[in-house]
Amino acid sequence: AVVGAGAAGLVAAKELLAEGHRVTVFEQGPVLGGTWVYTPKSDEASRPSPGPGVAEGRVYTSMYRDLRTNLPREVMSFLDFPFLPDAMGGRSHDTRRFCSHSEVLAYLEAFTDAFSLRHHIQYDTTVTLAEPLPAGHENGLTDAAAVSSNGQRAEANGHTSHGNGQAACEDLPWPRWRLSLRQAQRKGSKQRHVSTQDFDALLVCNGHYTDARWPEVAGQEAFPGRISHSHNYREPSSYKGQRVVCVGASASGTDISREIASTADEVYLCERGWDGDVQSHPAAGPRGNIHKRPGLISLRSDGRAEFEDGSFSQPVDAVLFCTGYLYSVPFLSTSAVVGCDASQSSIEPLYRHLFPPTAAPTLALLALPWRVVPFPLAQLQARWVARVLSGKVAPPTHEELRADSAAFYKEQQEEGRRSRDAHYLGEHQWGYNEWLARSCGEPADIASTPWRIAMNNQASMGRRAAPEDYRDRDDTIDAKAISAAHADFASLKVPFLRELQA
């Protein structure tokens, strides 16, 4: 079973099918795409509500109307399906290198059809609980089907032996998984269909850009203005003529503050760790109305904001937190040997950001690392899990699982790293990709080719040097990297691309 039909869930299904497994993808929404699905609807416009978890009527996407990617489309590509207009089966509508969110969604739809994934997806179905079951046979597997609550056999993620003499985790007590499922209420029906199904393995791909991280700021209850989070932000018109404080200057905070500044009178962009005296920095943005400030420490009842350097703003009308998101796996039971830490800043314990040591390899949580190029990383994770489950590659041993994860958390504690940085990779993503590739039996640089690294670095430098227009400049990504990427793509056996070439 795969939970979620976003990018990670789709590529997980593709890799599992490639290894001969039978797959069911449970998607709580009516369409595929996960966080790349845009809706003008949002959760409550202000104040922290609703809380994390599964809730009726929630809006799960954090996508805003005018978002464009901050990575080149070539870098975002899955390993065997290039994110090029010609490879998208006529679905492309935005050929820009840094394209719109709707183009990314079109790419995921093209990927889904290229690998015939649609009939494996069960829409409008929420996984409300996942419970580990005792191992069935000696190696912990029963057969290739799931058993539903009414005793009927249902197609599900199964197990296929490749006959290569390499047993798959025979020494591990592979738990199976019982999922409690709730389907959306059908039109004209007064009841929701509730059921349970048992699966041989569970891949969690539910994303981590839904549950907003709301900082505690002194005085916020007495603040007379609007307080919201970027999860609820869609477009800037509601900030017209206002003074606005944007808290957080990572990718979304930087982009959203510039959008808001197009209609607001003034924007204060707050961040801890700015270099130098930010008060002396010239105002930024096309209208020269974005003012950098250090971290926000309090809000006053007269509408003023106080910053870490002791300065105050003029009275402001709104505060928008662009402070990131919490991890949430509300359907994993307390007996599932893995969960969020106390602050929901990470999921633990995990072996290499993927396997809970005592439930590997039949429970895997994909795409948790951040500050990464997510699509190819998730594909390598999925490929490794799929090949471990099929017996094509050897799984980590009990001792490796325990020792490696224990060493990771010990090092994190000794170095004083925050729990929210547990899944941060940044430049370490390339080494992680190489380790995954080797574990899969693939060439080590399959997702860490020089052109991928170069394009990623060039986009990062462009964001810093020319935040207003780096996406549209011809010199942001150099021609050599583009040429190398397209040469690699030309050698792929891509269904839609083959038709065009023929």
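These figures come from a predicted structure and were not determined experimentally. (Residues numbered from 1 in each chain as written. Predicted model: local features only at pLDDT ≥ 70, side-chain atom pairs only at ≥ 80, totals over all residues. Heavy atoms only, no water.)

Topic: the pairing of strand β12 (residues 243-247)
Side chains on a regular strand alternate between the two faces of the sheet.
Point 1. For β12, the buried fraction is high: 4 of the 5 residues fall into the buried class.
Point 2. Summarising the sheet, β12 and strand β13 (residues 266-270) pair through 5 bridges and their orientation is parallel. When the sheet's bridge partners are listed, Val245 is paired in β13 with Tyr268.
Point 3. Viewed along the sheet, the connection from β12 through helix α4 (residues 251-261) into β13 turns out right-handed. (Buried < 20%, exposed > 50% of the residue type's maximum accessible area, 1.4 Å probe, protein only. Helix = DSSP H or I, 4+ residues; strand = E, 2+ residues; numbered from the N terminus. Pairing = 2+ DSSP bridges. Right-handed = clockwise from strand over helix to strand, strands pointing away.)

Digging into the confidence of the model for the protein
Point 1. Overall, the prediction assigns the protein a mean pLDDT of 88, with 87% of residues at 70 or greater.
Point 2. Contacts from residues 137-172, a stretch scored under 50 in pLDDT, to residues over four places away or in other chains number 98 contacts. (pLDDT = per-residue confidence, 0-100. Contact = heavy atoms within 4.5 Å.)

Brief notes about helix α8 (residues 450-465)
Point 1. Between its terminal C-alpha atoms α8 stretches 22 Å, which fits the 22 Å expected from 16 residues at 1.5 Å a residue.
Point 2. For α8, the complete set of buried residues consists of Trp451, Arg452, Met455, Asn456, Gln458, Ala459 and Gly462. One side of α8 carries all its buried residues, which in axial view fall inside an arc of 165 degrees. In α8, the exposed residues that point more than 90 degrees away from the buried face are Pro450, Arg464 and Ala465.
Point 3. On its buried face, α8 sits against α2 (73-76), α5 (374-390), α7 (429-440) and α9 (479-490). (Expected span 1.5 Å × (residues − 1). Arc of directions from axis to C-beta.)

Topic: the pattern of salt bridges
Point 1. Under the criterion given, the structure shown has 32 salt bridges.
Point 2. Between Arg387 and Glu19 there is a salt bridge, and its shortest N-O distance comes to 3.6 Å. With a gap of 368 residues between them, Arg387 in helix α5 and Glu19 in the loop between α1 (7-18) and β2 (25-26) connect regions that are remote in the sequence.
Point 3. Across the salt bridge formed by Arg118 and Asp113, the nearest N and O atoms sit 2.5 Å from each other.
Point 4. Under the relative-accessibility criterion, Arg118 is labelled partly exposed at 34%.
Point 5. The class of Asp113 is partly exposed, set by a relative accessible area of 26%. (Salt bridge = Lys/Arg side-chain N within 4 Å of Asp/Glu carboxyl O.)

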